[in-house]
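Coordinates in review
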Amino acid sequence: MRSIAKEKIIHQLLLLTNITDKYMLLDPSYPQKSLTWLVETEKQLEPLRLPVVSRLASLRGMLVACDDGYQDPNIAQSSRSKRKAKRALTAHIISQAEQALREEVEVIDHGFSELIDKLSQLLAIRFSQQELPTTPQVTMGYVDNIWGLLGDNQETKSMYRYIEARVGETDRRYLLQSLLDNMLSHNN
């Protein structure tokens, strides 16, 4: 499930380009669009029970509090108007949210690094004796077929069982698909 969290976070991060453009263009909808992005990001990640959701909610609260008169002391001193102070605070909050989400992706990637190494070893051992079956496109059927081949080999059976016990099917498929895409792209 960590792979789903990673992909949802990356999707939400990619939406920030459009929001930042609104800030650069002095679009008055920038604070509202940013607030909507925070709410949507929370909704996307909440079912996955990620702690970063509480950080986003806290940042959202600060942004809403701006309408009630809250001003960040560091930002308010350099802004001449309430509107500019809110835009600056919004940019600061979005920057903090982006950093928190990026850090979450780094944690997920770090957790995956050992599994990627193990899967790479497993693939190398299994396909050192025979060539990796080719395919025009790496589909889930192809990934499942390769996974089955890895489990059928006596040399790889213990590592196969370790990976199967250590990671859920969704994350295993995600990592294996990524490795297979990489391997097959280098073979062409």
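Note that this is a predicted model, so its numbers are computed, not measured.

1. Considerations on the pattern of salt bridges
Within this structure, the stated rule accounts for 9 salt bridges. One salt bridge in this structure joins aspartate 144 and arginine 173, with 2.4 Å as the shortest N-O distance. With aspartate 144 in helix α7 (residues 140-152) and arginine 173 in helix α9 (residues 169-187), this residue pair connects regions lying 29 residues apart in the sequence. Each of the salt bridges in this network shares a partner with another, and the network as a whole consists of Asp144, Glu169 and Arg173.

2. Description of the packing of aromatic side chains
One pass over the full model with this rule turns up 3 aromatic pairs. When the centroid spacing of 4.9 Å and the interplanar angle of 55 degrees are considered together, the rings of tyrosine 23 and tyrosine 30 count as tilted. What makes tyrosine 30 buried here is its relative accessible area of 3%. Between the aromatic rings of phenylalanine 112 and tyrosine 174, the centroid separation amounts to 6.2 Å while the plane-to-plane angle is 40 degrees, which identifies the pairing as tilted. Remark: tyrosine 174 occurs in helix α9 and phenylalanine 112 occurs in helix α6 (residues 82-126); sequence separation between them is 62 residues. The class for phenylalanine 112 is buried, based on a relative accessible area of 1%. The aromatic ring of tyrosine 162 is capped on one face by lysine 118, whose charged end is 5.8 Å from the ring centroid. Above the face of the phenylalanine 127 ring, arginine 126 is positioned so that its terminal group lies 5.3 Å from the ring centre.

3. A look at the confidence of the model for the protein chain
Looking at the protein chain as a whole, the pLDDT averages 89, with 94% of positions reaching at least 70. In the model of the protein chain, helix α5 (residues 73-76) stands out as the element of lowest mean pLDDT, 61, in contrast to helix α3 (residues 30-45), which has the highest, 96.

4. Quick look at the packing of α3 against α6
Running from N to C, α3 and α6 cross one another at 25 degrees; their axes reach a closest spacing of 9 Å. Between α3 and α6, the interaxial angle falls into the category roughly parallel. As for how α3 packs across α6, the hand of that crossing is left-handed. On α6, the residues that touch Tyr30, Pro31, Ser34, Trp37, Leu38, Thr41 and Leu45 of α3 are Lys86, Arg87, Thr90, Ala91, Ile93, Ile94, Ala97 and Leu101. For the contact of α3 with α6, the per-class residue count stands at 10 nonpolar, 3 polar and 2 charged.

So, how was this worked out
- Residues numbered from 1 in each chain as written.
- Predicted model: local features only at pLDDT ≥ 70, side-chain atom pairs only at ≥ 80, totals over all residues.
- Heavy atoms only, no water.
- Salt bridge = Lys/Arg side-chain N within 4 Å of Asp/Glu carboxyl O.
- Helix = DSSP H or I, 4+ residues; strand = E, 2+ residues; numbered from the N terminus.
- Phe/Tyr/Trp six-rings, centres within 6.5 Å; stacked < 30°, edge-to-face > 60°.
- Buried < 20%, exposed > 50% of the residue type's maximum accessible area, 1.4 Å probe, protein only.
- Lys NZ or Arg CZ within 6 Å of the ring centre and 35° of its normal.
- pLDDT = per-residue confidence, 0-100.
- Axes fitted to C-alpha atoms, helices over the stretch in contact; angles between N-to-C directions.
- Parallel < 35°, antiparallel > 145°, perpendicular 65-115°, else oblique.
- Left-handed = near helix turned anticlockwise from the far one by under 90°.
- Contact = heavy atoms within 4.5 Å.
- Nonpolar A, V, L, I, M, F, W, Y, C, P; charged D, E, K, R; others polar.

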